[in-house]
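Chain and residue survey
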Amino acid sequence: MTAPLRRACRLRRRLALPLLTAAGLLLVTACGPEDPGFAMQKDLAQAAPAAAAAPPGATGSAAPAAPARPKALPAGVPYDVTPLLKPSHKYLGAALPDVPATMDALPGYSSAIGKQPNVLEYYAHWKGGFDTAGVRRIHEAGALPFMAWEPHDRSLASIAAGDTDDYVRGVAKAVAKLNLPIAISIAHEMNGDWYPWGRQATTPQDFVAAWRHVHDLFDQAGATNVIWVWSPNITDPAPNTRLAPYYPGDTYVDWAGMTGYFTRTGPKTFETLYGPTMAEIRTFSDKPFFISETASEQGKRQHADIDQLFSGLEAHDDIVGFVWFNIVKRADWRVEAVPDTLAAFKQRVSDPRYGFDIRNPR
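Predicted model, so just to flag it, every value in this text is computed and none were measured.

Description of the packing of helix α3 (residues 105–113) against helix α10 (residues 339–349)
It is the contact of α3 with α10, at a shortest axis distance of 8 Å, that shows an interaxial angle of 80°. Considered as vectors, α3 and α10 are oriented roughly perpendicular to each other. Residues Y109, S111, A112 and I113 of α3 touch α10, and the partners they reach there are L342, F345, K346 and V349. Class assignment of the residues belonging to the contact of α3 with α10 gives a composition of six nonpolar, one polar and one charged.

In structure tokens:
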């Protein structure tokens, strides 16, 4: 794609009206932490009817009520994600079992923590179907869909070469037609060696070429309603793998994501867990940070981990939010599994800086 065309596509974001309409995303698979990364896959069932959900910021233990259905944009007006890129409040995100095939886990989680997430992350296979009903459920619940797009069966070199272009164009056209704000990462944790697209199998050059190629196909389809989340793992498991060669460039990235978990034997503070990665990224990009996946392993440090996470988030204005991985996978990461942990988490998320209405970002 030429630079003028890319700029024109970006311009559409700034000219669009910040309203919403219903839409959909990819048929997904569950993923989660695997030491030291996050791998195991499980096919999900077909989409199920949505459960009622509370608007972001709601508290209490009663079953939350569903927010009002958003109005549709006028025909031909692309959704402008610009106000969502650097909101004054922080995103409160979660990855929950079987979302978006079913939203059954959302009401219970929202009631447990006293506030509904306004980002819901899930995991989609390359070449999977496009689950429009699933994204409608997420969006109608008041949350930003965040898809971690995983090329398990396709090399990044083949994607860069155009071997999956028909599929990618189909997804891009569907995203443009549905006209919802959607966050997408491609081949997350590429600097690790626990995924088939990781450093042991893919060169940084192939990763960058694949990312740019897919991004360009989306722009060509008019799918400028995407927040692109470049999402490496924290550098702790791979200290000798530099991140800069994997960076597609500021034109192709909206948020610098990070995956990093508090484990029993890992770094004990926010700064030792995330600090080295943030410092390295700041040598080549000033994009906002977004913690794409985090959680705390059960143990005597868990309460302290919660305090470290939130204190770190509050100390860094350039971190726009986080996703808590609330799924049992390699460990029990559910925040509600330990009463003291839940109480600490609930108290911290009650701060009004966490969560906001994605339809009216401030």
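So, the nonpolar core
In terms of nonpolar packing, the biggest core is built from 102 residues, with Y91, W149, F218, W230, F322 and F345 touching the most fellow members. Broken down by element, the residue count for this core peaks at seven residues, all from helix α7 (residues 204–220).

With respect to the packing of aromatic side chains
Within this structure, the stated rule accounts for 26 aromatic pairs. Between F262 and Y274 the ring centres are 6.4 Å apart and the planes differ by 75°, which places this aromatic pair in the edge-to-face class. Of this pair, F262 sits in the loop between β10 (255–259) and α8 (270–281) while Y274 sits in helix α8; the two residues are 12 residues apart in sequence, bridging distant segments of the chain. Among the residues examined, F262 registers a relative accessible area of 1% and is labelled buried.

Here's the deal with the environment of I227
Mapping I227 onto the fold places it in strand β9 (residues 226–230). Residues I227 and I184, spaced 43 residues apart in sequence, show a C-alpha to C-alpha distance of 6.3 Å. Apart from the residues within four sequence positions on either side, I227 is in contact with V81, L84, L85, L144, I182, A183, I184, D254 and W255.

Quick look at unusual backbone geometry
For the peptide bond that leads from V99 to P100, omega is 5°, which places it in the cis range. Mapped onto the elements, P100 comes out in the loop between β4 (91–95) and α3. In this model, A187 sits at a positive phi of 50°, which is unusual for a non-glycine residue. Mapped onto the fold, A187 is located in the loop between β8 (182–186) and α7. Judged by its relative accessible area of 0%, A187 is buried. Look at E189: it is not a glycine, yet its phi comes out positive at around 60°. Along the chain, E189 turns up in the loop between β8 and α7. In this structure E189 comes out as buried when scored by relative accessible area, which is 0%.

What counts, and at which threshold
- Residues numbered from 1 in each chain as written.
- Predicted model: local features only at pLDDT ≥ 70, side-chain atom pairs only at ≥ 80, totals over all residues.
- Heavy atoms only, no water.
- Axes fitted to C-alpha atoms, helices over the stretch in contact; angles between N-to-C directions.
- Helix = DSSP H or I, 4+ residues; strand = E, 2+ residues; numbered from the N terminus.
- Parallel < 35°, antiparallel > 145°, perpendicular 65-115°, else oblique.
- Contact = heavy atoms within 4.5 Å.
- Nonpolar A, V, L, I, M, F, W, Y, C, P; charged D, E, K, R; others polar.
- Core = buried A, V, L, I, M, F, W, Y, C linked by side-chain atoms within 4.5 Å.
- Buried < 20%, exposed > 50% of the residue type's maximum accessible area, 1.4 Å probe, protein only.
- Phe/Tyr/Trp six-rings, centres within 6.5 Å; stacked < 30°, edge-to-face > 60°.

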